[in-house]
Amino acid sequence: MTSGGRYQIPDHVTFASAAGREATEAILRCPAKALICLDYDGTLAPIVAKPEDARPQPGMLDILQRLIPHVGGVVVVTGRPVQVILDLGGFARLTETQHLRIYGQYGQETWDGITGRLTVPPPPPTIAAANSRLTDLLDQVAREGIDVEGVGVEDKGLAVVVHTRRNPRPGELLEKLAPHVQRIAEELGLSAQRGRNAIELRNSSIDKGDVVRDLLRSDVPETGIFCGDDLGDLPAFDAVSEWQRAGHHGAQVVSASGEVPELVSRADIVCDGPAGILAWLTMLADGMESQVSDQASWM
């Protein structure tokens, strides 16, 4: 990219609005005042049948390593526990983590790349109760002759998730289970959140939007970005939309998939899954490093 704002748009990336293009140019113009927030599953890492196999898109860590020293902040905002993301993603092994933070369980857990400190609150007893009741629910449904092959219950400590992705008819089964799961949530005082072939019960009503909104308020960047792929990311996209309406540069970057097509209609930048997110981030890293090189050549 030159100082005039020209850059090559990579394959797998589409600018769906002027705001997306302007936000990209603002990041490249002043990366130190950019806040880039990203979901993990489906955004940094491809969706896979087993959640424990979700590794970053090949090349993603290398690009984050290149970006982190230049930008004001890179923040992973996920529904997963932070330790799981650290283990799966390998983020703690990066040599540059001073501008990296991870917010897990929708902001209930935090990890700071400067200190390496992980903060995790104790799990509430209602989550253990929900785990037990969801397991009983699946047993009951199976006795009624409904195929629950491949369905799993994941205990995340501060939340519990029913996954139907590995079932032969994941969407259909999720619709059958949803009313029963919702009733369990209500009886235990938990909130229920639908996702891609999953329903999550958690003890807190805070969401990714609360996290992103607080980050924008505290960091006060020139440009605020959120990249996501799922219905659970809608509150974070709303937070960026509010930031845009207040007159700031910002972009809602969608890691698009056929499973959640409705997100594309609100995107400022559409990326073809994690490969597209990687392409967009690579474009940013290339532009930032090119500017640093140009500045050095004048010294």
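Everything below is about the structure printed above this text.
A few points on the structure.

Below, the discussion takes up the nonpolar core. Residues Tyr40, Phe91, Ile225, Val253, Trp280, Leu281 and Leu284 are the most contacted members of the largest nonpolar core, which totals 44 residues. Considering each element in turn, this core owes the most residues, nine residues, to helix 8 (residues 273-297). In this structure Val253 touches Ile225, Phe226, Cys227, Gly228, Phe237, Ile269, Cys271, Ile277 and Trp280, once residues within four positions along its chain are discounted. Among the nonpolar cores identified, the runner-up in size contains 21 residues, and Val160, Leu173, Leu177 and Leu188 belong to it.

Let's shift gears to the sheet that holds strand 5 (residues 109-112). Strand order in this open sheet of nine strands is 1-13-12-11-2-3-4-5-6, and the pairing throughout is mixed. Looking along the sheet, the strands with just one partner apiece sit at the ends: strand 1 (13-15) and strand 6 (118-119). For strand 2 (residues 34-38) and strand 3 (residues 73-77), the ladder comprises four bridges, and the chain directions are parallel. Counted as the bridge partner of Leu38 is Val76 from strand 3. Here helix 7 (residues 234-245) sits on the sheet and contacts strand 11 (223-228) and strand 12 (249-255); the angle it forms with strand 12, its principal contact strand, is near 155°.

Reading the values: the criteria
Residues numbered from 1 in each chain as written. Predicted model: local features only at pLDDT ≥ 70, side-chain atom pairs only at ≥ 80, totals over all residues. Heavy atoms only, no water. Core = buried A, V, L, I, M, F, W, Y, C linked by side-chain atoms within 4.5 Å. Buried < 20%, exposed > 50% of the residue type's maximum accessible area, 1.4 Å probe, protein only. Helix = DSSP H or I, 4+ residues; strand = E, 2+ residues; numbered from the N terminus. Contact = heavy atoms within 4.5 Å. Pairing = 2+ DSSP bridges. Axes fitted to C-alpha atoms, helices over the stretch in contact; angles between N-to-C directions.

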